[in-house]
Amino acid sequence: MNKQTTAAALALALSAGLTSIAAQADEMKGDMAKGDMEKCFGVAMKGKNDCKAGAGTTCAGTASHDYQGNAWSLVPAGTCMETESPTSPTGFGQLEAFEEKQS
Amino acid sequence: MTIHLSPSYLSPGVSGHTALPARAGISLKPEHFRAIVETRPDVGFFEVHAENYLVDGGPYHHYLRRIRDDYPLSVHGVGMNIGGECELDIGHLERVARLLERYQPESFSEHLAWSSHGGVFLNDLLPLAYDQATLDRVCDHIDQVQNRLKRRILLENPSTYVEFEQATMTETDFIAAVIARSGCGLLLDVNNIYVTCTNHHLDPQAYLQSLPATSVGEIHLAGFAREQDAAGAPLLIDSHDAPVAEAVWTLYQTALEHCGAVPTLIERDGNIPPLPVLHAEAKQAEKLLQAQTENHA
Amino acid sequence: MNQQSDFTAALFDPNTSVSAALKTWNGSDPARRFDVYRNNVLSALIEALADTFPVTQQLVGKRFFRAMARAFAGAHPPRSPVMSDYGDAFPAFIERFSPAGSVPYLADVARLEYFRVRAYHAPDADPLDAKALASHLADSERLPMLRASLHPSATLLQSRFAAISIWAAHQGNGELAHIDIRQPEQALVIRPALAVDVVPLDSGSWHFAAALQRGENLGAALESVTATVARFDPVASLGRLIQAGLITSLQPAPECQR
């Protein structure tokens, strides 16, 4: 690719970017006008520092699963086993963003 | 041994910071960011855990800025390791200092506890053996924090589940000595008094009366969970995941008579209910605060 | 006296005890009361990991996840009081954790989840706006020389498995049953404003973004990707990356580096 073609290809590509962000800005304005802020803000993640105590003496701290050697008895048993569609959105406000960008 | 110069910021009222109002506040949780910004509830103040906001950017700072602009703010640290045997983490102290410079909260508080050792953060408020060596260490650490932050801090009495053989002082004598030596104030956690006194078979009224009333800068109220020790005696856990218990409301009434109307926080860290539920608990505290103010007038 | 050392060691090791240093008002066994602290410390660390890695937990089930998180917490306790950072070493731990060997994509799903949390708290920055972009287009001869500053929240993720589709299926997008887990995937994790986006990328777009991240100018990035990736579509790729907010500014490279 010579210098001119590179420049021309980039100009074309960046123009596409320009069109897409202009469209995005308009869409955002529309959402604001509708009062639909969910899309712009997403859902808050929980804070991880607090000063609460856990639920008593029964207990993560005393349960010990030794995974060295043969003592580890657990096997993965979640959606990794599933063949059906999971219906467990985790509520991070990501649904639209993902769908939109995947298509 | 540190030389105590009693800088001016240790005198209440000349701290250069406005005090929290003698009203009821609630813990600021990310789950409520939007509801607060959108409904602007009439809450006396909000309190955040410092460590949750030691991040560079994003929604936490976006919302804290907006909420702080409209409400008084208390910053409550959970990781300073005031009671630690190791030296304070200077990097952490600096980050907290920058957070306070950014938001200029009306109050900063920490815990009478340790939470880190040997570079490992244990993410819990761990108990101290109340003896002279611990007293010296705690006072030195508070001096260091107050000197760096250039403000008087409040120290919270803990919930504890064990006592140490080596202790030579009661918890209340220890706290009174820390306050007298370091000039810090007291964050009186009424739920912690109830939990600790139940767990160690002490009289909560007597515990409360033996603390220096004029040093109390804030009160905390929260819920606890109920367990049993190995002998079947009640063992209460400071779980912050339930409404304030009836016995704690009663003790709060005594606390108000003891210290006067003091800014009071409804603390909730688990099973976070919708904002109006927490606000209703705050209103209940505010009723008692108002009654206290009127009785005094 | 190293009381806090002993206390710390006993928190993580149920086989050690500090009971000799403790007392109780009723003479009951202090070990039971010490268990409250053990539980607090361990369950708080496990909860923190469960909050950061919700899909990882769903994939293997709560019981397995908690036991794995317990093993991780013992081996890698937090080094900082800021818990939002906790778990950066968890994906690599999962990769080496033999009981999870039957779920080969688990570590990459965990990486994606960690990058989302990191993006959430990353420094803020405004993506390149239309006006700035238009001014660069007015001088198209110089475009190949421009170097891009990337958004501080952006992370490029590459998986040998369909980790991104698997994660998306847990957000209600697509069905697990239809995913070929052996299909390598790429994504950009970014927070251009307040919400974190996971943007699936084709191989060309991913390599183009990676070239920009290495500091290559636009021309060099375009040429290197065109040479290595078959069917690279610069218009679609660059359009998508700009729309995602990856680029915050374009400026000429320093003179001596052109």
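Each value, and the rule that gives it
- Residues numbered from 1 in each chain as written.
- Chains lettered and ligands numbered in written order.
- Predicted model: local features only at pLDDT ≥ 70, side-chain atom pairs only at ≥ 80, totals over all residues.
- Heavy atoms only, no water.
- Pairing = 2+ DSSP bridges.
- Helix = DSSP H or I, 4+ residues; strand = E, 2+ residues; numbered from the N terminus.
- Axes fitted to C-alpha atoms, helices over the stretch in contact; angles between N-to-C directions.
- Contact = heavy atoms within 4.5 Å.
- Buried area = accessible area lost by both parts, 1.4 Å probe.
- Salt bridge = Lys/Arg side-chain N within 4 Å of Asp/Glu carboxyl O.
- Polar contact = N/O pair within 3.5 Å; in protein donor to acceptor, adjacent residues only side chain to side chain.
- Nonpolar A, V, L, I, M, F, W, Y, C, P; charged D, E, K, R; others polar.
- 1 Å grid on protein atoms, 1.4 Å probe; cavity = no way out; pocket = protein on both sides within 12 Å on 5 of 7 lines; lining within 4 Å.
- Points joined across faces, edges and corners; volume = space filled by probe spheres on them.
- Buried < 20%, exposed > 50% of the residue type's maximum accessible area, 1.4 Å probe, protein only.
- Right-handed = clockwise from strand over helix to strand, strands pointing away.
- Lys, Arg positive; Asp, Glu negative; His and termini not counted.
- Phe/Tyr/Trp six-rings, centres within 6.5 Å; stacked < 30°, edge-to-face > 60°.
- Expected span 1.5 Å × (residues − 1).
- pLDDT = per-residue confidence, 0-100.

A. Region of the structure containing the sheet that holds strand β4 (residues 185–190) of chain C. Residue and element names in this part refer to chain C. Taken in spatial order, the 3 strands line up as β3-β4-β5 in an open sheet, and their pairing is antiparallel. The outermost strands of the open sheet, each flanked by one partner alone, are β3 (155–159) and β5 (197–201). If you compare each strand with its neighbour and ignore which way they point, the axes differ by 25° on average. One ladder, built from 5 bridges, connects β4 with β5; its direction is antiparallel.

B. Focus on the interface of chain A and chain B. Between chain A and chain B, the residue contacts involve 17 residues of the former and 27 residues of the latter. Interface area, chain A with chain B, both sides summed: about 1700 Å², of which 52% is carbon and sulfur. Counting every contact that joins chain A to chain B gives 0 salt bridges. One can count 6 residue pairs in polar contact (both at pLDDT 80 or more) joining chain A with chain B. Per-class residue counts for the side of chain A that touches chain B are 7 nonpolar, 5 polar and 5 charged.

C. Spatial organisation of empty space enclosed by the protein. Tallying each qualifying case throughout the model produces 6 cavities of 30 Å³ or more. When its volume is computed, the largest cavity comes out at roughly 170 Å³. Lining the largest cavity are 20 residues; nearest its centre among them are A:Cys51, B:Asp124, B:Leu125, B:Ser159 and B:Asp238. Tallying contributions element by element places strand β6 (residues 120–126) of chain B first for the lining of the largest cavity, with 4 residues.

D. The layout of surface pockets, seen in detail. The computed volume of the second largest pocket comes to approximately 640 Å³. Taken together, 37 residues line the second largest pocket, and the ones lying closest to its centre are A:Gly47, A:Asp50, A:Lys52, B:Asp269 and B:Gly270. Secondary-structure elements contributing two or more residues to the lining of the second largest pocket are β2 (46–49) and β6 of chain B together with α2 (30–52) of chain C. Ranked by the residues each element gives to the lining of the second largest pocket, the list is headed by α2(C), at 6 residues. Of the residues belonging to the lining of the second largest pocket, the class tally is 11 nonpolar, 13 polar and 13 charged.

E. Structural detail: the pairing of β2(B). All names here are of chain B. Here β2 shows two buried faces, one formed by Phe46 and Val48 and the other by Glu47 and His49. For strand β1 (residues 24–27) and β2, the ladder comprises 2 bridges, and the chain directions are parallel. Note that in β2 the partner of serine 27 across the bridge is glutamate 47. A crossover links β1 with its parallel partner β2, the connecting element being helix α1 (residues 33–39), and its sense is right-handed. Sheet analysis places β2 next to strand β3 (residues 73–76), joined by 4 bridges and oriented parallel. The residue bridging glutamate 47 from the neighbouring strand is serine 74, located in β3.

F. Spatial organisation of the side chain of B:Glu156. All names here are of chain B. Position of glutamate 156 among the secondary structure elements: in strand β7 (residues 154–156). Lysine 29 provides the closest opposite charge to the buried, unpaired glutamate 156, separated from it by 13 Å. Leaving out residues up to four positions away in the same chain, glutamate 156 has contacts with His76, Glu110, His111, Leu112, Leu187, Asp189, Asn192 and His220.

G. Inspection of the packing of aromatic side chains at higher detail. Residue and element names in this part refer to chain C. A full pass over the atoms with the stated rule returns 23 aromatic pairs over all chains. Plain terms: the ring middles of phenylalanine 7 and phenylalanine 34 are 4.8 Å apart, the flat faces sit at 70° to each other, and that makes the pair edge-to-face. Taken together, the positions of phenylalanine 7 in helix α1 (residues 3–12) and phenylalanine 34 in helix α2 put the pair 27 residues apart, joining distant regions of the chain. Each member of the pair phenylalanine 7 and phenylalanine 34 is classed as buried. Taken together through their ring pairs, the aromatic side chains of Phe53, Phe64, Phe65, Phe72, Tyr86, Phe90, Phe93, Phe97 and Tyr114 make up a single cluster.

H. Representation of helix α11 (residues 234–244) of chain C. Where α11(C) is concerned, the buried positions are C:Ser237, C:Leu238, C:Gly239, C:Leu241, C:Ile242 and C:Ala244. Remark: C:Gly245 follows α11(C) within two positions and exhibits a positive phi of approximately 90°.

I. A look at helix α4 (residues 62–75) of chain C. Residue and element names in this part refer to chain C. Between the first and last C-alpha of α4 there are 20 Å, a value that for 14 residues agrees with the 20 Å anticipated at 1.5 Å per step. By the burial criterion, the buried members of α4 are Phe64, Phe65, Ala67, Met68, Ala69, Arg70, Ala71, Phe72 and Ala73. Looking at the buried positions of α4, the neighbouring elements they touch are α1, α2, α3 (54–60), α5 (90–96) and α6 (106–121).

J. Geometry of the confidence of the model for chain A. Residues and elements named next belong to chain A. Mean pLDDT for chain A: 63, with 46% of residues reaching 70 or above. Across chain A, element-level confidence peaks in helix α1 (residues 3–34) with a mean pLDDT of 78 and bottoms out in helix α3 (residues 95–102) with 34. When the criterion is pLDDT under 50, residues 65–70 qualifies, and its contacts beyond four places in sequence or with other chains add up to 10 contacts.

K. Local environment of the pattern of salt bridges. Counting across every chain of the model gives 20 salt bridges over all chains. Across the pair C:Arg33 and B:Asp229 runs a salt bridge whose closest N-O atoms are separated by 3.1 Å. Separated into two different chains, C:Arg33 in helix α2 and B:Asp229 in the loop between β11 (225–228) and β12 (234–237) make up a pair that spans both. The pair formed by C:Arg33 and B:Asp229 is uniform in burial state, with each residue classed as buried. Residues joined in a network through salt bridges with shared partners are B:Arg23, B:Asp42 and B:Glu286.

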